[in-house]
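Each chain, written out:
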Amino acid sequence: MTHHPITFISLGPGDPELLTVKALRQLKSSDVVVVPGTASADGTMTSRAADILGYWAIPAELRLFPVPMERDRRKALSAYDAMCAELIQLYHEGRQVAVAVEGDISIYASIHYVLERLQAQKVPVVQLPGITSFIAAAAEASLSLVSRRERLLVVPIVQSAEELDRLLRESHTVVVMKLSQCQDVVKAFLQSHRDLLCHYFENIGTSSQFHTTDPAVVCQRSVPYFSLLIISSWSPVD
């Protein structure tokens, strides 16, 4: 029996047409595609990854795994353990399996826990790159994130306005991911630093995409999970 490596595929930020050719080819050759999903209060399951696969009419069997989106990661890790066990079973059955996730699997993707568990159990894996949300956001706004000797810093959450101020002094451009979890801090910072250039994005690459450079608008919005902020200090660089 032939055993195929389990391929972890990065789907990009949400726009199905930002999927790489290599990722699409791999998806179409897979027997089973596993994607994470989120259950709403009424039990309805949603998955942006599944929506992207639907756009391309991927013929593989689709298996949706509910992953709790909570700060307490124990429930999510338990779900990933169950996913890992099923992937190992599919591997030993000789199925060609892909795990498809939004964004890029190397950038703040908790699904990497599953990849590492498989590696620890000697199951071969392959990781395909994708377009990250902040790269897609920069393209949408026609931004140059960094040039020459400038520095780019990507952070998951900031704890205080003082921390964000310090990070900007150390770097030309700061990207704040997981913005919904630190929105009060960021809004307070924007209110007291109106001289800085900021680009705020929601749901980049989807039909509900939103972009503004107005700090006042950002401060008035309820920040969703799929959001990010790009702030530039505009400090001159020699």
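Residues numbered from 1 in each chain as written. Predicted model: local features only at pLDDT ≥ 70, side-chain atom pairs only at ≥ 80, totals over all residues. Heavy atoms only, no water.

Q: Give a detailed account of the side chain of Thr 173, specifying residues and quantitative values.
A: Tracing the chain through its elements places Thr 173 in strand β8 (residues 173–177). A residue is classified by how much of its surface remains accessible, and Thr 173, at 2% relative accessible area, is buried. Excluding its chain neighbours within four sequence positions, the residues that come into contact with Thr 173 are Leu 145, Val 146, Arg 151, Leu 152, Leu 153, Ile 230, Ile 231 and Ser 232. (Helix = DSSP H or I, 4+ residues; strand = E, 2+ residues; numbered from the N terminus. Buried < 20%, exposed > 50% of the residue type's maximum accessible area, 1.4 Å probe, protein only. Contact = heavy atoms within 4.5 Å.)

Q: Residue-level account of the sheet that holds strand β11 (residues 227–232), with values.
A: Ordered in space as β7-β8-β11-β9-β10, the five strands form an open sheet in which the pairing is mixed. Edge positions in the open sheet fall to β7 (152–156) and β10 (210–212), since each of these has one partner strand only. Geometrically, the sheet is characterised by an average inter-axis angle of 15° between neighbouring strands, direction not taken into account. When strand β9 (residues 197–202) meets β10, the two strands line up antiparallel, connected through three bridges. Looking across to β10, one finds that Tyr 200 is bridged to Thr 212. Here helix α5 (residues 133–140) sits on the sheet and contacts β7, β8, β9 and β11; the angle it forms with β11, its principal contact strand, is near 60°. (Pairing = 2+ DSSP bridges. Axes fitted to C-alpha atoms, helices over the stretch in contact; angles between N-to-C directions.)

Q: Give me the lowdown on the packing of aromatic side chains, citing residues and values where you can.
A: With the rule as written, the count across this model stands at four aromatic pairs. Judged by centre distance (5.2 Å) and plane angle (80°), the ring pair of Tyr 55 and Trp 56 falls under edge-to-face. Classification of Tyr 55 as partly exposed rests on a relative accessible area of 46%. Taken together, a centroid distance of 6.3 Å and an interplanar angle of 45° make the contact between Tyr 80 and Tyr 113 tilted. Of this pair, Tyr 80 sits in helix α3 (residues 74–92) while Tyr 113 sits in helix α4 (residues 112–120), and the two are 33 residues apart along the sequence. (Phe/Tyr/Trp six-rings, centres within 6.5 Å; stacked < 30°, edge-to-face > 60°.)

Q: Provide a residue-level description of the nonpolar core, including the pertinent values.
A: The biggest cluster of nonpolar side chains holds 23 residues, and the ones touching the most others in it are Ile 6, Phe 8, Leu 87, Ile 111, Val 114 and Leu 118. Breaking this core down by element, the ones donating at least two residues are β1 (6–10), β2 (32–39), α3, β5 (97–101) and α4. Of the residues forming this core, the biggest block, eight residues, is contributed by α3. Apart from the residues lying within four places of it in its own chain, the contact partners of Val 114 are Phe 8, Tyr 80, Met 83, Cys 84 and Leu 87. (Core = buried A, V, L, I, M, F, W, Y, C linked by side-chain atoms within 4.5 Å.)

Q: I'd like a description of helix α2 (residues 48–55), backed by residues and values.
A: Buried within α2 are the following residues: Ala 49, Ala 50, Ile 52 and Leu 53. Projected onto a plane normal to the axis of α2, the buried residues spread over an arc of 160° and lie on a single side. In α2, the exposed positions angled more than 90 degrees off the buried face are occupied by Asp 51 and Gly 54. Buried positions along α2 lie against α1 (21–28), β2, β4 (61–66) and β5. Of the residues flanking the end of α2, it is Ala 57, one or two places downstream, whose phi is positive at about 50°. (Arc of directions from axis to C-beta.)

Q: Can you lay out the pairing of β2 for me, pointing to particular residues and giving the numbers?
A: Of the strand pairs in this sheet, β2 and β4 are connected by six bridges, and their pairing is parallel. Considered in β4, the bridge of Val 34 is made with Arg 63. Strand direction decides the pairing type here: β2 and β5, joined by three bridges, are parallel. In the strand pairing of β5, Val 34 is matched with Val 99. For β2 and strand β3 (residues 45–46), the ladder comprises two bridges, and the chain directions are antiparallel. Residue pairing in the sheet places Thr 38 in a bridge with Thr 46 of β3.

Q: Pulling in residues and values, what's your account of unusual backbone geometry?
A: With phi around 50°, Ala 57 is a residue other than glycine that occupies positive phi space. Among the secondary structure elements, Ala 57 is positioned in the loop between α2 and β4. Residue class for Ala 57 comes out exposed when judged on its relative accessible area of 58%. If you check the backbone angles, Arg 148 has positive phi at about 50° while not being a glycine. With respect to the element layout, Arg 148 can be found in the loop between α5 and β7.

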